[in-house]
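Listed below, chain by chain, are the residues.
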There are 2 protein chains.
Amino acid sequence: MATLSDVARRAGVSPATASRVINGSSKPVTDELRERVLAAVAELQYVPNAHAQLLARSHRSAVGVIVHDVSDPYFAEITRGLQRVATDQGRLLMICNSYRDPDRELEYVELLRGHQVAALILAGSGYHDEAFTRQLNEKLAAYEATGGRVAVIGRHEHSGDAVMPDNRTGGYLAGQELCGLGHRAIGVVAGPRILTTTTDRLAGLRQALTEQGRELPERRIRYAEFDRDGGAEATARLLDADPELTAIVALNDSMAIGALATLRARGLAVPQQISVLGFDDMPIARDVTPALTTVRLPLVDMGVRAMSLVLGVGAPTPRVEVLPAELVRRDTAGPVPLSTRATAGSAPRARRGDSTS
Amino acid sequence: MATLSDVARRAGVSPATASRVINGSSKPVTDELRERVLAAVAELQYVPNAHAQLLARSHRSAVGVIVHDVSDPYFAEITRGLQRVATDQGRLLMICNSYRDPDRELEYVELLRGHQVAALILAGSGYHDEAFTRQLNEKLAAYEATGGRVAVIGRHEHSGDAVMPDNRTGGYLAGQELCGLGHRAIGVVAGPRILTTTTDRLAGLRQALTEQGRELPERRIRYAEFDRDGGAEATARLLDADPELTAIVALNDSMAIGALATLRARGLAVPQQISVLGFDDMPIARDVTPALTTVRLPLVDMGVRAMSLVLGVGAPTPRVEVLPAELVRRDTAGPVPLSTRATAGSAPRARRGDSTS
DNA sequence: TACCGCAGAGAAAGCCCTTTCCCGCAGGGA
DNA sequence: TCCCTGCGGGAAAGGGCTTTCTCTGCGGTA
């Protein structure tokens, strides 16, 4: 690999001059030398060693991002927002997938710190886990103590800058909608219990139902992975235990899609026999059939805000921005059926082998 | 930020010893010193500067990946495969989104080279663009000349290791299926003309039709962006020009989903009135309604192969692995309707405002 | 003519690690 | 007793770059 001194030697100048030409330093260099250097760069296909540069330069530029999984649409949208701002400011993003493994999350904080990122953004639900939270906060504090900036998206346990989707109100809106449609027997397909996102959304939902004199007993909640298969499976369990259900709230859209698959496999018509509500409003939500009624979160905007916080001029006080949730009515939620679906679910009629796999 | 010498000083040892403890060097260190060093590390919250490490160590470990967009399911799946192998081998992945901008692709090759990656993987279609291809190959050659390994996924213009999905056969299978179902008036919703993936798939499709004495005139092909909205829009144009169509082949699943949205908005029943075929078999394909009949590509496996090639022992001859495409029959492709759909499409009946937006 | 100032180039000091090389010391064999 | 060996530790040399500091030589001023 050609080095700067190779270039300098070939151009017949000192490494200092070569460096100045290559970086467009403010220090003037005569045109003749400049051209000789550029020629040498081209001939040698020289590319500066980024690590050496970052070591020699004092200022840090890259930004680290830790998400559950970039390919999960929820995080893909957030990342899109992050990218937009970062690119505008000429920042490189280092994106890490934690796959919701707390240990990996901790490791990535270290890794990114080691890579000298200027800021760190953690996106995705927090955990109901004292020990982990404390550990994480210690690590983040240590990082902040050395001048690093931190922002979190969707988790409340951090004391610094934060962007918070209003999960609780979102859950409340979902509950209100279903109550308005006359539903009483409402099941919930929930994400992992340990995630604060799950409990926040659940809390809002429960509040809405309680206010309407309805209940949300634990037996009508099933916890599973926050993805399509988790939703499909939880829905099946829910239906098996309680065939009287007239509505299902899935705590994110992926789970809702799984729920739809299970319902389809069992021959239950949505929304005629049973209503389904999602959460997040991922792009695919409008393209499933029936199109998903869901609670929209401004995902891209959440990313934009978080990155702006972190790259903005250092605010003295940590800022928390709460972004509103909003109900999007599409086709999966309808009025409660008039007749009791007494026999529904008792004769599952699989339409396709792979629908619920 | 604490440095290694800070740690060493605090532990009362030399930086060399501290380094050995921290990296688990093979050189033995007495337990007493080891503990002193570890204590100092903990107290100072020391994290080694990754750039300094990479500069000091000779061997390169990270692998660079350039894809169109990780959040596009096609690339998300490939990336999953890449990750799997990389993680097994303790390699860090640097993933860059080119958003199908050739210039950005070139820039990222430089960037990753500058970051001293041990290997480079380019995933995603090549371009019908001589100048760009030459430039790219020059850059890659320069990189390979310095010991870097390169593999491409799904593009044939590179001379080194490659993993190739059999796009042409995939197109052929799609054509065969539709011919078998009796279709003659077949429209194609294609990706950008400039992509080799588009032309390869199209070539296979055309071959199948030709063998069956059918035709695929240019007027039945619409080129658009390789995404949902592109598919929706191209389908609309296709239908406007030729309402007699009994089948539509979308050249990837995202476009197929857009096509379904347009057909739904126009009140055309799939597959009773018109059949739809997708390509790729992204995870969502089975969850749309009707479930998408499509050509499956072993996306995850493509990633696994590519990473294995690049991390495997340096083979003397460049290897090209062709991975087979396979037809997956679901619910969007049916026999050609018996009656001519003379009036269909003339009375579009929008079901929802946002279906085609 | 002597001196000053400045433009433009190079020398060299880091940036933070890893790793080779070397040194001192203790123990074992002759 | 002396020498050799081997172990544990430190000194120091990079690794490739940026940047400050220094130096040279020129034009301009007194």
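Predicted model only: the values in this text are computed from it and were never measured.

### Some details on the overall build of chain A
Right, on to step 1. Tallying secondary structure elements over chain A gives 12 helices and 12 strands in all.
Right, on to step 2. Its C-alpha radius of gyration of 26 Å places chain A more than 25% over the 21 Å reference for a compact globule of 357 residues.
Right, on to step 3. Going through the 357 residues of chain A one by one, you find that 56% of them count as buried.
Right, on to step 4. Residue pairs at least 24 apart in sequence account for 76% of intrachain contacts in chain A once pairs closer than 6 positions are excluded.
Right, on to step 5. Element-wise, carbon and sulfur atoms account for 51% of the exposed surface of chain A, whose accessible area totals about 14600 Å².
Right, on to step 6. Side chains of chain A give 41 positive and 42 negative charges; the mean places of these two sets differ by 2 Å.

### Quick word on the protein's contact with DNA strand D
Right, on to step 1. Taken together, 27 residues lie near DNA strand D, and Leu4(A), Tyr46(A), Thr17(B), Lys27(B) and Thr30(B) sit nearest.
Right, on to step 2. The contact atoms of DNA strand D, taken as those within 4 Å of the protein, divide so that sugar and phosphate hold 62%.
Right, on to step 3. One of the backbone nitrogen or oxygen atoms of Leu4(A) is found 2.3 Å away from a phosphate oxygen of DNA strand D.
Right, on to step 4. Within the side chain of Tyr46(A), one N or O atom sits 2.3 Å away from a phosphate oxygen of DNA strand D.
Right, on to step 5. For the surface near DNA strand D, the element with the most residues is helix α2 (residues 15-23) of chain A, which contributes four residues.
Right, on to step 6. Broken down by class, the residue content of the surface near DNA strand D amounts to 14 nonpolar, eight polar and five charged.

### Quick notes on the relation of the copies chain B and chain A
Right, on to step 1. The two copies are related by a screw motion: chain B maps onto chain A through a turn of 180° and a shift of 0.0 Å along the axis, at an RMSD of 0.2 Å. Both copies of the chain, as the preceding transformation shows, are related through a two-fold rotation axis.
Right, on to step 2. A share of 98% of interface residues in chain B that are also interface residues in chain A marks the association as one of identical surfaces.

### Quick word on the packing of aromatic side chains
Residues and elements named next belong to chain A.
Right, on to step 1. Summed over the entire model, instances satisfying the criterion amount to four aromatic pairs over all chains.
Right, on to step 2. Where Tyr127 meets Phe132, the ring centres are 5.1 Å apart and the plane angle is 85°; that geometry is what we call edge-to-face. Across the pair, exposure class does not vary: Tyr127 and Phe132 are buried alike.

### Observations regarding the packing of helix α8 (residues 167-180) of chain A against helix α9 (residues 196-211) of chain A
Residues and elements named next belong to chain A.
Right, on to step 1. Orientation of α8 relative to α9, taken along the N-to-C sense of each, is 40°, at an axis distance of 7 Å. Of the two elements, α8 crosses α9, and the hand of that crossing is right-handed. Here Asn167, Arg168, Gly171, Tyr172, Ala174, Gly175, Gln176 and Cys179 of α8 lie close against α9, whose contacting residues are Thr197, Asp200, Arg201, Ala203, Gly204, Leu205, Gln207, Ala208, Leu209 and Glu211.
Right, on to step 2. Partitioned by chemical class, the residues of the contact of α8 with α9 number seven nonpolar, seven polar and four charged.

### A closer look at helix α12 (residues 299-311) of chain A
Residues and elements named next belong to chain A.
Right, on to step 1. Here α12 contains 13 residues, and its C-alpha end-to-end distance of 19 Å stays within 8% of the 18 Å for a straight helix at 1.5 Å per residue.
Right, on to step 2. Buried residues dominate α12, accounting for 10 of its 13 residues.
Right, on to step 3. All buried positions along α12 are accounted for by Leu299, Val300, Met302, Gly303, Val304, Ala306, Met307, Leu309, Val310 and Leu311.

### Quick look at the pattern of salt bridges
Right, on to step 1. Within the structure shown, the criterion is met by 51 salt bridges over all chains.
Right, on to step 2. Among the salt bridges present, the one from Glu77(B) reaches Arg80(B), with a minimum N-O distance of 3.1 Å. Placement of both Glu77(B) and Arg80(B) in helix α5 (residues 73-88) is noted, with a separation of three residues, approximately one turn of the helix.
Right, on to step 3. Where salt bridges share partners, they join Arg228(A), Asp229(A), Arg286(B) and Asp287(B) into one cluster.

### Things to note about the sheet that holds strand β9 (residues 275-277) of chain B
Residue and element names in this part refer to chain B.
Right, on to step 1. Taken together, four strands build an open sheet; the order of strands is β7-β6-β8-β9 and the sheet is parallel. In this open sheet, the two edge strands, each paired with only one partner strand, are β7 (221-223) and β9. Within the sheet, the average angular offset between the axes of one strand and its neighbour, ignoring direction, is 15°.
Right, on to step 2. Here strand β8 (residues 247-250) runs beside β9; their pairing, made up of three bridges, is parallel. Bridge assignment links Ile248 to a residue of β9, and that residue is Val276.
Right, on to step 3. Contacting β6 (186-190), β8 and β9, helix α11 (residues 253-265) runs over the sheet at an angle of about 160° to β9.

### Here we look at the protein's contact with DNA strand C
Right, on to step 1. Around DNA strand C there are 26 residues in total, and Thr17(A), Lys27(A), Thr30(A), Leu4(B) and Tyr46(B) lie nearest to it.
Right, on to step 2. Sugar and phosphate atoms form 67% of the subset of DNA strand C atoms that lie within 4 Å of the protein.
Right, on to step 3. Between Tyr46(B) and DNA strand C, the recorded distance is 2.6 Å, taken from a side-chain N or O atom to a phosphate oxygen.
Right, on to step 4. Of all the elements in the fold, those that place two or more residues in the surface near DNA strand C are α2 and α4 (50-56) of chain A together with α2 (15-23) and α4 (50-56) of chain B.

### Let's talk about the sheet that holds strand β2 (residues 93-97) of chain B
Residues and elements named next belong to chain B.
Right, on to step 1. In space, the six strands of this open sheet follow the order β2-β1-β3-β4-β5-β11, with parallel pairing throughout. Bordering the open sheet on either side are β2 and β11 (320-323), each of which pairs with just one other strand. Pairs of neighbouring strands in the sheet enclose a mean axial angle of 15°, with direction left out of account.
Right, on to step 2. The pairing of strand β1 (residues 63-67) with strand β3 (residues 119-123) spans four bridges and is parallel. Paired with Gly64 across the bridge in β3 is Leu120.
Right, on to step 3. The strands touched by helix α6 (residues 102-114) within the sheet are β1, β2 and β3, with β1 carrying the most contacts at an inclination of about 175°.

### Some thoughts on the interface of chain B and chain A
Right, on to step 1. On the chain A side, the residues contacting the 45 residues of chain B number 44 residues.
Right, on to step 2. In total, about 4200 Å² of surface goes out of reach between chain B and chain A, with carbon and sulfur atoms giving 52% of it.
Right, on to step 3. In terms of surface lost to chain A, no three residues of chain B exceed Met1(B), His51(B) and Arg286(B), which account for 16% of the buried area on that side.
Right, on to step 4. Between Arg228(B) and Asp287(A) there is a salt bridge, with the nearest N and O atoms lying 2.7 Å from each other.
Right, on to step 5. The interface formed by chain B and chain A holds 14 residue pairs in polar contact (both at pLDDT 80 or more) in total.
Right, on to step 6. Within the residue set of the side of chain B that touches chain A, elements represented by two or more residues are α4, α5, α6, α7 (130-145), α10 (228-241) and α11 of chain B.
Right, on to step 7. Here the side of chain B that touches chain A takes five residues from α4(B), the largest share from any one element.
Right, on to step 8. Considering only residue class, the side of chain B that touches chain A consists of 18 nonpolar, 12 polar and 15 charged.

### Some remarks on the side chain of Asp161(B)
All names here are of chain B.
Right, on to step 1. On the secondary structure map, Asp161 appears in strand β5 (residues 161-165).
Right, on to step 2. For Asp161, a relative accessible area of 7% gives the class buried.
Right, on to step 3. A distance of 2.8 Å separates a polar side-chain atom of Asp161 from the backbone nitrogen of Arg319.
Right, on to step 4. Setting aside its immediate chain neighbours within four residues, Asp161 contacts Arg149, Val150, Ala151, Val152, Leu309, Thr317, Pro318 and Arg319.

### Thoughts on the pairing of strand β3 (residues 119-123) of chain A
Residues and elements named next belong to chain A.
Right, on to step 1. Counting buried positions along β3 yields five of five residues, so the element is predominantly enclosed.
Right, on to step 2. Side chains Ala119, Ile121 and Ala123 project from β3 onto one buried face, and the interleaved Leu120 and Leu122 project onto a second face that is buried too.
Right, on to step 3. Direction of pairing for β3 relative to strand β4 (residues 149-153): parallel, over a ladder of five bridges. In the strand pairing of β4, Leu122 is matched with Val152.

### Focus on the domain arrangement of chain A
Quoted interface sizes are often the accessible area lost when the parts come together.
Right, on to step 1. The domains assigned to chain A are domain 1 (4-56), domain 2 (63-165 + 300-325) and domain 3 (167-296).
Right, on to step 2. Inter-centroid distance (C-alpha atoms) of domain 1 of chain A to domain 2 of chain A is 36 Å.

Rules used in this analysis
Within each chain, residue numbers correspond to sequence positions counted from 1 in written order. Written order determines the labels here, with chains lettered from A and ligands numbered from 1. Local features in this predicted model are restricted to residues of pLDDT 70 or higher, and side-chain atom pairs are both shown and tallied only at a pLDDT of 80 or more, whereas totals for entire chains, interfaces and linings draw on every residue. Side-chain measures were taken over the full set of non-hydrogen atoms in the model, leaving aside hydrogen atoms and water. Helix and strand assignments come from DSSP, with helices taken as H or I runs of at least 4 residues and strands as E runs of at least 2, each series counted from the N terminus. Computation of the radius of gyration draws on C-alpha atoms alone. For the globule rule, the value is 2.2 Å times the number of residues to the power 0.38. In this scheme, a residue with accessible area under 20% of its type's maximum is buried, one over 50% is exposed, and one in between is partly exposed, where area comes from a 1.4 Å probe on protein chains only. Only heavy atoms matter for contacts: two residues are in contact if any of them lie within 4.5 Å across the pair. We get accessible surface area from the Shrake-Rupley algorithm with a probe of 1.4 Å; when it comes to residues, only the shown protein chains can shield them. The positive count covers Lys and Arg only, the negative count covers Asp and Glu only, and His and the chain ends enter neither. Working definition for charges: the position is that of NZ of Lys, CZ of Arg, CG of Asp or CD of Glu. Near residues are defined by distance, with any heavy atom within 4 Å of the molecule or strand qualifying the residue. Residues adjacent in sequence count toward polar contacts only when both atoms are side-chain atoms; beyond that, a polar contact is any pair of N or O atoms within 3.5 Å, and within protein one must be able to donate a hydrogen and the other to accept it. The residue classification treats Ala, Val, Leu, Ile, Met, Phe, Trp, Tyr, Cys and Pro as nonpolar and Asp, Glu, Lys and Arg as charged. All others, Gly included, are polar. The superposition of copies rests on a least-squares fit of C-alpha positions from residues with pLDDT of 70 or more in both. Pairing of aromatic side chains requires ring centres within 6.5 Å, counting the rings of Phe and Tyr and the six-membered ring of Trp. Pairs whose planes differ by under 30 degrees are stacked, by over 60 edge-to-face, and all others tilted. Angular values range over 0 to 180 degrees, each being the angle between N-to-C directions of two axes fitted as lines to C-alpha atoms, with helices fitted over their stretch in contact. Crossings are assigned a handedness: left-handed for a near helix turned anticlockwise from the far helix by less than a right angle, right-handed for a clockwise turn. One less than the number of residues in a helix, times 1.5 Å, gives the span that helix is expected to have. Just to be clear on terms, a salt bridge is a Lys or Arg side-chain nitrogen sitting within 4 Å of an Asp or Glu carboxyl oxygen. Here the rule is simple: two strands pair whenever DSSP picks up at least two bridges between them. Two parts placed together each lose some accessible area under a 1.4 Å probe, and adding up what both lose gives the buried area. Here the limits of each domain have been adopted from an automatic or database domain assignment.

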